[in-house]
Amino acid sequence: MYKKLIPVVFFVWALFTVHMPLHAQKLASPSAKTVLTIGGKIGQTNGQGLARLDMVMLNALPQRTIRTRTPWYPGVTEFTGPSLADVLTLVEASGTSLRATALNAYSIVIPVSDAVDHQVVLATLLNGKAMSVRDKGPIFLIYPFDSKEQLRASTFYERSIWQLKSMELE
């Protein structure tokens with residue numbers, strides 16, 4: 001009788017292991033230079049109470065492209081990178097707001113709900129090319145301004161932080 005259960009138990013174990021969501025797996029350590037740290041109310045860390053992410057880790061997430069006009073570039077510009085929602089899921093974020101900080105110490109508080117409500121992207125590519133610090137990179141938190149009229153306002157322009165280096169979930 002027990003021998004008949006062994007294949008069933010193995011099948012159920014394999015099903016849950018193979019199809020386990022990304023956020024339910026342990027967060028790997030970065031293999032390259034850390035470009036983004038996330039702290040605060042998170043369930044996944046990989047060192048010193050923080051989630052440290054490199055470009056390899058960000059590029060491994062599903063990529064999303066936004067084509068939008070911005071106050072910083074002429075015409076329509078293309079931004080590509082993982083969605084903020086996917087990054088927050090990866091680290092098992094539980095806060096209601098996040099403090100985003102740039103390399104130059106500019107800091108802004110952003111509601112976590114913006115990640116889903118407005119499909120915010122952590123862009124790593126600008127018109128298909130990696131962004132240098134000089135080009136507002138390596139990470140630019142960007143809203144799809146052309147998707148909703150309400151996004152074309154100073155509130156959302158101020159939340160679009162370039163040279164993003166860290167986020168703290170509050």
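Residues numbered from 1 in each chain as written. Predicted model: local features only at pLDDT ≥ 70, side-chain atom pairs only at ≥ 80, totals over all residues. Heavy atoms only, no water.

Enquirer: Can you break down the overall build of the chain residue by residue, with the values?
Expert: Across its full length, the chain holds five helices and eleven strands. By the burial criterion, 41% of the 170 residues in the chain qualify as buried. Considering only contacts within the chain whose residues lie at least 6 apart along the sequence, 59% involve residues at least 24 apart. For the chain, the accessible surface area stands at approximately 9400 Å², while carbon and sulfur atoms represent 59% of it. (Helix = DSSP H or I, 4+ residues; strand = E, 2+ residues; numbered from the N terminus. Buried < 20%, exposed > 50% of the residue type's maximum accessible area, 1.4 Å probe, protein only. Contact = heavy atoms within 4.5 Å. Areas by Shrake-Rupley, 256 points an atom, 1.4 Å probe, with all protein chains shown as cover.)

Enquirer: Describe the packing of aromatic side chains, naming the residues involved and giving the relevant values.
Expert: Geometry of an aromatic ring pair is reported as the spacing of the ring centres plus the angle between the planes. In the structure shown here, the tally under the stated rule is ten aromatic pairs. Taking 5.6 Å as the distance between ring centres and 75° as the angle between the ring planes, the aromatic pair formed by Phe79 and Phe140 counts as edge-to-face. Here Phe79 is found in strand S4 (residues 76–82), whereas its partner Phe140 is found in strand S10 (residues 140–142), with 61 residues between them in sequence. Grouping residues by exposure puts Phe79 and Phe140 together as buried. One aromatic cluster is present, formed by Trp72, Tyr73, Phe79, Phe140, Tyr143, Phe145, Phe156, Tyr157 and Trp162 through successive ring pairs. One residue, Lys136, lies across the ring of Trp162, its end atom 4.7 Å from the ring centre. (Phe/Tyr/Trp six-rings, centres within 6.5 Å; stacked < 30°, edge-to-face > 60°. Lys NZ or Arg CZ within 6 Å of the ring centre and 35° of its normal.)

Enquirer: Describe the nonpolar core, and please don't skip the residues or the numbers.
Expert: Core analysis: the biggest nonpolar cluster contains 44 residues, and Ile38 and Met167 have the highest contact counts within it. A per-element tally of this core places helix H3 (residues 84–90) first, with five residues. (Core = buried A, V, L, I, M, F, W, Y, C linked by side-chain atoms within 4.5 Å.)

Enquirer: Tell me about the sheet that holds strand S3 (residues 63–69), and name the residues and values.
Expert: In sheet architecture, strand pairing relies on hydrogen bonds along the backbone and comes in two forms, parallel and antiparallel. Judged by pairing direction, the sheet is antiparallel, and its four strands sit side by side in the order S3-S4-S8-S9 without closing on themselves. Two strands in the sheet have a free side with no partner beyond their single neighbour: S3 and strand S9 (129–130). Sheet topology places strand S8 (residues 125–126) next to S9; two bridges connect them, and they run antiparallel. Paired with Leu126 across the bridge in S9 is Lys129. (Pairing = 2+ DSSP bridges.)

Enquirer: Quick one: what's the story with the pattern of salt bridges, residue by residue and with numbers?
Expert: In total, this model carries four salt bridges according to the counting rule given. Residue Arg69 pairs with Asp146 through a salt bridge whose shortest N-O separation is 3.2 Å. Here Arg69 is found in strand S3, whereas its partner Asp146 is found in the loop between S10 and helix H5 (154–159), with 77 residues between them in sequence. A salt bridge links Glu170 to Arg99; its shortest N-O distance comes to 3.7 Å. With Glu170 in the segment after strand S11 (164–169) and Arg99 in strand S5 (residues 97–102), this residue pair connects regions lying 71 residues apart in the sequence. (Salt bridge = Lys/Arg side-chain N within 4 Å of Asp/Glu carboxyl O.)

Enquirer: Describe in detail the environment of Arg69, supporting the description with residues and values.
Expert: You can call Arg69 partly exposed: its relative accessible area is 47%. The spatial distance from the C-alpha of Arg69 to the C-alpha of Asp146 is 6.5 Å, given a sequence separation of 77 residues. When sequence neighbours within four positions are dropped, the list of residues in contact with Arg69 reads Gly75, Val76, Phe145 and Asp146.

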